[in-house]
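Letter by letter, the chains look like this.
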Amino acid sequence: MSTPVTATSTTRTVDLAGGLSITIGEYGADTEGTGVLLLHGGAGPRTMTGLAAALSEHVYAVAPTHPGFDGTPRPDWCDSVADLAVAYLDLLDSLDLTGVMVIGNSIGGWIAAEMALRDTKGRIGALTLLNAVGIHANMPANQVIDPRTLPPQAVTKLSFANAAFRPDFSTFTDQQRAAAAANQQTLAVYGGPGFTYDPKLRGRLHRITLPVLVAWGEEDGIANATYGRGYADSFPNSRFVPIPEAAHFPQIEQLPATLAAIGDFVDTVVKPGLDD
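Draft legend 1. Just the environment of Asp79, in detail. Structurally, the position occupied by Asp79 is in the loop between β4 (61-65) and α2 (81-95). With relative accessibility at 37%, the residue Asp79 sits in the partly exposed group. Taking the C-alpha atoms as reference, Asp79 lies 9.3 Å from Ala188; in sequence the two are 109 residues apart.

Here it is, written out as structure tokens:
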């Protein structure tokens, strides 16, 4: 897969059960009844736009905004990763997509795993987890860092290997600061008591028999590579691919390498013998 020069997208709101409305960005066109669903982490939907645009050169890509992020409405009942997982399965039903690859970064990877555990209609064909959180580390040294315990500058240093990608908070307007704080408050609602994990999730992952790619920025200071390998080992049908010179957001720092890992996974595991 190659990185596209330009890509167009459209944004719309999809109404689902329980009064839940989800804002989605659509990249490319649904011509085959399948596609990729890209789930962002706590840093917000913009962290997935570059990957979505690149993938749209090959497949229909849908990038939702988790309810409550970026000022979108969140019903009071939608307050857990499990709720998001069911909502996004409802979204796939609404879009009538099957064989979908769900790609999740950080908490988005946790949501993807929970979706696969609940996919009774066979909507999902494969998972790609990018520096995902969600499982509890077996060893204290491999525990995911709780970003709430650190100042923003320290979090960005752990999140990006290349300083050029780190946000400069001194340039933020009051409105931008308020929006970032609101996103973090929403993240805390979804994360629940464990914030970065469900203590029982690892024990359930053996039930996911779909092909799973776990691609990991090797220099992640939030969720280290050993944690990532443990995540991959929890699935019966998985592949672990380290992404050099990247930290918590490999799809941003090393987009070509991330695309290459996904492309090879599709060509050799998901759809072997078929052209893109």
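On we go from here.
Draft legend 2. Up close: the pairing of strand β5 (residues 100-105). Within β5, six of the six residues are buried, leaving the element largely enclosed by the surrounding structure. Pairing between strand β3 (residues 36-39) and β5: four bridges, direction parallel. Within the sheet, the bridge partner assigned to Leu39 lies in β5 and is Gly104. Where β5 meets strand β6 (residues 124-130), six bridges bridge the pair, whose relative direction is parallel.

Draft legend 3. Structural detail: the confidence of the model for the protein chain. Chain-level statistics for the protein chain give a pLDDT mean of 95 and a share of 96% at 70 or above. Scored below 50 in pLDDT, residues 1-5 makes 13 contacts in the model with residues more than four places away or belonging to other chains.

Draft legend 4. View of the sheet that holds strand β1 (residues 9-15). An order of β1-β2-β4-β3-β5-β6-β7-β8 is seen for the eight strands of this open sheet, with the pairing classed as mixed. Of all strands in the sheet, those with a lone pairing partner are β1 and β8 (238-243), marking the two edges. For this sheet, the mean angle separating the axes of adjacent strands, direction not counted, is 20°. Here two bridges tie β3 to β4, and the two strands are oriented parallel to one another. Counted as the bridge partner of Val36 is Ala61 from β4.

Draft legend 5. The arrangement of the pattern of salt bridges in detail. Enumeration over the complete set of coordinates arrives at nine salt bridges. Between Glu26 and Arg12 there is a salt bridge whose closest N-O contact spans 2.7 Å. Of the two residues, Glu26 is situated in strand β2 (residues 21-27) and Arg12 in strand β1; the sequence distance between them amounts to 14 residues. Residue Glu26 is classed as buried on the basis of its relative accessible area of 10%. Its relative accessible area of 38% is what places Arg12 among the partly exposed residues.

Thresholds applied
Residues numbered from 1 in each chain as written. Predicted model: local features only at pLDDT ≥ 70, side-chain atom pairs only at ≥ 80, totals over all residues. Heavy atoms only, no water. Helix = DSSP H or I, 4+ residues; strand = E, 2+ residues; numbered from the N terminus. Buried < 20%, exposed > 50% of the residue type's maximum accessible area, 1.4 Å probe, protein only. Pairing = 2+ DSSP bridges. pLDDT = per-residue confidence, 0-100. Contact = heavy atoms within 4.5 Å. Axes fitted to C-alpha atoms, helices over the stretch in contact; angles between N-to-C directions. Salt bridge = Lys/Arg side-chain N within 4 Å of Asp/Glu carboxyl O.

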